[in-house]
Amino acid sequence: MPIWLELMVLMLVAYAVGLAIGWALWGRSAETEGNG
Amino acid sequence: MAELMQDNWIFLAVALVIGVLVAWWLFAARRTRVSIAPRDEDTPAKRNQALIDAPPAAKAAVPPPTPQGLAGVGEAVAASAAMTSAGDDLTRIKGLGPKLVDQLAALGVTTYSQIAAWNDAEIDRIDAQLGRFQGRIRRDDWPTQAKLLAAGDEAGYEAKFGRL
């Protein structure tokens, strides 16, 4: 696997991790919000 | 792999931050954005001068209200007021909070007996109008809760749904 592709995959993974962190912080609380 | 990450950690950190920012924009910013048009109190209201200067339109022939035409209105208003004042405390239903109470009131639902009488079609109809609370009706089984509360069966309610 060429080095640039490996780096690209790692960056995509980091991006996905960032999305997951953001979802855990803001998205999940909206879904499991208490009584409306 | 570890060496590559060490050498390029700055790129990975930037990608992570971008991911967090995108998630924030998706989940937090877009949901809570409130758009209130700025209102400048100092500027006078703009009037449509052309409309003001225009000759008055022909008066529409509106029949004067007759007692027959208004028959029943008073009763309907009184019944409506009675229903509003006789509304139940819907927040006792688990999964139903003040925001949902307001939404249901706007849909004309204010009593346990109304919720208890819902059939599948009505649940679907109401559920479709609950926005981000969709699915609550079936998830928390509002009709059964409402039936028990309408009947005043608190023991039965607590046995099935927990403490009131």
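Above: the structure in question.
Residues numbered from 1 in each chain as written. Chains lettered and ligands numbered in written order. Predicted model: local features only at pLDDT ≥ 70, side-chain atom pairs only at ≥ 80, totals over all residues.

Enquirer: Tell me what's going on with the overall build of chain B, and back it up with residues and numbers.
Expert: Along chain B, the regular secondary structure elements total eleven helices and zero strands. Start at the N end of chain B and walk to the C end: the helices and strands fall as α-α-α-α-α-α-α-α-α-α-α. For chain B, buried positions account for 16% of its 164 residues. Nonlocal contacts in chain B, meaning residues at least 24 apart in sequence, comprise 53% of its contacts between residues at least 6 apart. (Helix = DSSP H or I, 4+ residues; strand = E, 2+ residues; numbered from the N terminus. Buried ≥ 20, exposed ≤ 12 C-beta atoms within 10 Å, placed from the backbone. Contact = placed C-beta atoms within 7 Å.)

Enquirer: Quick rundown of the interface of chain A and chain B? Include the residues and the values.
Expert: In this assembly, 19 residues from chain A lie in contact with 23 residues from chain B. Here the side of chain A that touches chain B is composed, by residue class, of twelve nonpolar, six polar and one charged. (Nonpolar A, V, L, I, M, F, W, Y, C, P; charged D, E, K, R; others polar.)

Enquirer: So, the packing of helix α10 (residues 142-150) of chain B against helix α11 (residues 154-161) of chain B: which residues are in play, and what are the values?
Expert: Residues and elements named next belong to chain B. At a minimum axis distance of 8 Å, the contact between α10 and α11 shows a crossing angle of 155°. Compared by their axis directions, α10 and α11 come out roughly antiparallel. Handedness of the crossing formed by α10 with α11: left-handed. Together, Q145, L148 and L149 of α10 and G156, Y157 and F161 of α11 make up the contact between the two elements. Here the contact of α10 with α11 is built from residues that sort into four nonpolar, two polar and no charged. (Axes fitted to C-alpha atoms, helices over the stretch in contact; angles between N-to-C directions. Parallel < 35°, antiparallel > 145°, perpendicular 65-115°, else oblique. Left-handed = near helix turned anticlockwise from the far one by under 90°.)

Enquirer: Give me the lowdown on the environment of L12 of chain B, citing residues and values where you can.
Expert: The topology assignment puts L12 of chain B in helix α2 (residues 9-32). Looking at L12 of chain B, the number of C-beta atoms within 10 Å reads 20, which means it is buried. Those residues within four positions of L12 of chain B in sequence are excluded, and the remaining contacts are L10, M11 and A14 of chain A together with M5 of chain B.

Enquirer: With reference to specific residues and values, describe unusual backbone geometry.
Expert: A positive phi angle, close to 50°, is found at D141 of chain B, a residue other than glycine. By the element assignment, D141 of chain B lies in the loop between α9 (136-139) and α10.

Enquirer: Please give an account of the environment of D89 of chain B that cites residues and values.
Expert: Residue and element names in this part refer to chain B. If you trace the backbone, D89 turns up in the loop between α5 (73-85) and α6 (98-106). Here D89 falls in the exposed class, since 10 other C-beta atoms lie within 10 Å of it. As for D89 and T110, which are separated by 21 residues in sequence, their C-alpha atoms are 8.1 Å apart.

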